[in-house]
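The chain contents come next:
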Amino acid sequence: MLTLAEMSRETIEAMLSLAEGDCGRPLEGKGVALLFEKPSARTRHSMEMAVVALGGHPVYVRADEVGIGGRESVEDIARTLACYHAIVAARVKDHGVLEAMQAATQETPVLNMLSDIAHPLQGLADLLTIKQLRGSIEGAKIAFIGDGNNVARSLAEGASKLGAEFVLAAPEGYAFEEATASLPSVSQTDDPAAATQGADFVYTDVWVSMGQDGEGEARREAFLPYQVDEALMAHADEDAKFLHCLPAIRGQEVSASVIDGPQSAVWRQAENRLHSARGAMAYLLGVQP
Ligand code: CP
Ligand code: NVA
C-alpha cells in the first residue's frame with residue numbers, strides 16, 4: 001500500500017468497512033515494523049495502537065538507527081525486517097525508498113506512512129471522516145486550499161476512485177502534476193473562493209512540509225492569500241466541515257477561529273487515523289469485511 005492511486009475502489013471500500021467494524025486479531029503473535037525517517041505524532045501512535053488492537057506487537061525503528069542506504073542498503077533492511085514482521089511500514093523522505101522496499105520484500109506488504117508524494121493512511125482516514133459526517137463519499141465536494149502536496153494528492157486519488165469531487169486551489173508552481181490533475185472528478189484553480197463555492201468539506205495542510213524548510217520564506221509568501229478563515233468558509237455549504245491532517249499552524253494555513261470553531265472536524269479526523277490504520281492492516285493481512 002504505497003498510494004491510493006494503485007488501489008481499486010473495492011479495496012478502499014473494504015478497508016473503510018473494516019475500519020468501521022470488527023477486524024479480529026490477525027496479528028496474533030506477529031510483529032509490524034514502523035520505520036521513521038521523519039517525525040510523527042498521529043501516525044506513530046495510531047499505528048502502534050492499531051497493531052495492538054489487531055493482536056500484534058509494533059516495533060518502532062528510527063531510520064538513523066538502521067542507517068538506510070548507509071550502514072545497509074534499503075533492500076537489505078526491508079528483507080531483514082520482513083524476516084520478523086507481517087507488515088513493514090515506513091515514513092520516508094523519498095517515495096522511491098518505499099518502492100525499493102516493496103520490490104525487495106515481495107510477499108510482505110510495505111505500508112506507506114508518508115512519503116514526499118503520498119500519505120495514503122491519512123487519505124483513508126479522511127475518506128472515513130467524510131463517510132461518517134456526510135453519510136456517503138460519492139457526490140461530496142472537497143475543496144483543498146493550499147499546497148498540492150502528499151496529503152492533497154492521496155485524498156484526490158481516493159476521492160476520485162470513490163466518486164467525490166476534489167478541487168485544489170493552489171498558487172502557480174504548487175498545483176498537481178498532470179497525472180493527478182487529470183484524474184476523474186479532480187480539478188484545480190488558483191482561486192480559493194471559487195474552489196470553496198458550495199463545498200461540503202474545506203481542507204488545508206501546512207504550507208511548508210517536513211524537509212522543505214529551505215523553501216519556507218518563498219512558500220509562506222506564495223500561500224498568503226490561501227489561508228482558510230471565516231470569510232473563505234462563508235463560500236462553502238452552510239453545513240460544511242473543516243478538515244486538516246495536523247499538525248497545524250494557526251494564523252498561517254488556517255485561522256484559529258476556523259480550526260477551533262464549530263465547523264472543525266479535525267479531532268474526529270485524528271481519531272479516525274486509528275480506525276483506518278486498523279482497517280488497512282487487517283485488509284493487507286487478508287481479512288475481508
Ligand atoms: N497527520 C499526520 O500524519 O500526523 P503526524 O505527522 O504527526 O504523524
Ligand atoms: N504535508 C505534511 C503532512 C504532515 C502530516 C508533511 O509532509 O510534512
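Residues numbered from 1 in each chain as written. Chains lettered and ligands numbered in written order. Predicted model: local features only at pLDDT ≥ 70, side-chain atom pairs only at ≥ 80, totals over all residues. Heavy atoms only, no water.

(A) Summary view of the overall build of the protein. Check the secondary structure of the protein and you find 13 helices and nine strands. Taking 2.2 N^0.38 as the reference for a compact globule, 289 residues should give roughly 19 Å; the C-alpha atoms of the protein span a radius of gyration of 18 Å, in line with that estimate. Seen along its three principal axes, the alpha-carbon backbone of the protein occupies a region of about 55 × 40 × 35 Å. The burial tally for the protein puts 56% of its 289 residues in the buried class. For the protein, the accessible area works out to roughly 11,900 Å², and carbon and sulfur atoms hold 49% of it. Here the protein contributes 23 positive and 41 negative side-chain charges, whose respective centroids are spaced 6 Å apart. (Helix = DSSP H or I, 4+ residues; strand = E, 2+ residues; numbered from the N terminus. Rg over C-alpha atoms; globule rule 2.2 N^0.38 Å. Buried < 20%, exposed > 50% of the residue type's maximum accessible area, 1.4 Å probe, protein only. Areas by Shrake-Rupley, 256 points an atom, 1.4 Å probe, with all protein chains shown as cover. Lys, Arg positive; Asp, Glu negative; His and termini not counted. Charge placed at Lys NZ, Arg CZ, Asp CG, Glu CD.)

(B) Quick look at the sheet that holds strand β3 (residues 85–91). Spatially, the four strands line up as an open sheet ordered β2-β1-β3-β4, and their pairing is parallel. In this open sheet, the two strands that pair with only one neighbour each are β2 (57–62) and β4 (110–112). Going from strand to strand, the sheet's axes swing by 20 degrees on average, the running direction of each strand aside. Bridging between β3 and β4 involves three bridges; their strand directions are parallel. Bridged to Ala89 within β4 is Leu111. Its contacts with the sheet put helix α2 (residues 42–53) on β1 (31–36), β2, β3 and β4, and the angle it makes with β2 is roughly 155 degrees. (Pairing = 2+ DSSP bridges. Axes fitted to C-alpha atoms, helices over the stretch in contact; angles between N-to-C directions. Contact = heavy atoms within 4.5 Å.)

(C) A look at the UniProt feature "domain: Aspartate/ornithine carbamoyltransferase carbamoyl-P binding" (unreviewed entry) in the protein. Mapped onto the present numbering, the UniProt feature "domain: Aspartate/ornithine carbamoyltransferase carbamoyl-P binding" (unreviewed entry) falls on residues 2–132. Within the segment residues 2–132, helix and strand shares are 48% and 17% respectively, and the terminal C-alpha atoms sit 25 Å apart. (UniProt positions renumbered as here; feature names shortened; annotations may be inferred.)

(D) Structural detail: the environment of Glu215. Tracing the chain through its elements places Glu215 in the loop between β8 (201–204) and α10 (216–222). Each C-alpha atom of the pair Glu215 and Ala152 lies 19 Å from the other, and the pair is 63 residues apart in sequence.

(E) Spatial organisation of helix α6 (residues 120–134). Between its first and last C-alpha atoms α6 spans 21 Å; for 15 residues at 1.5 Å apiece the expected length is 21 Å, and the two agree. Of all 15 residues that make up α6, 11 are buried, and the element is covered over most of its length. When α6 is considered as a whole, its buried residues turn out to be Pro120, Leu121, Gln122, Gly123, Leu124, Ala125, Asp126, Leu127, Leu128, Thr129 and Ile130. Positive backbone phi, approximately 95 degrees, marks Gly135, located one or two places after α6. (Expected span 1.5 Å × (residues − 1).)

(F) Geometry of the sheet that holds strand β7 (residues 186–189). The parallel open sheet is built from five strands, whose spatial order is β7-β6-β5-β8-β9. Pairing within the sheet leaves two strands with one partner each, and these edge strands are β7 and β9 (241–244). Averaged over all adjacent pairs, the angle separating strand axes in this sheet is 20 degrees, with direction ignored. Of the pairings in the sheet, the one linking strand β5 (residues 141–145) to β8 comprises three bridges and is parallel in character. Looking at the pairing, Ala143 lines up with Val202 of β8. With respect to the sheet, α6 is in contact with β5, β8 and β9, its orientation differing from that of β8 by roughly 155 degrees. Packing of helix α13 (residues 266–284) onto the sheet brings it into contact with β8 and β9, and relative to β9 it is tilted by some 45 degrees.

(G) Structural context of the pattern of salt bridges. Scanning all chains against the criterion turns up 12 salt bridges. Taking the shortest distance from any N to any O, the salt bridge between Arg250 and Asp260 comes out at 2.8 Å. Separated by 10 residues along the polypeptide, Arg250 in the loop between β9 and α12 (256–259) and Asp260 in the loop between α12 and α13 bring together distant segments of the chain. By relative accessible area, Arg250 is classed as partly exposed at 42%. (Salt bridge = Lys/Arg side-chain N within 4 Å of Asp/Glu carboxyl O.)

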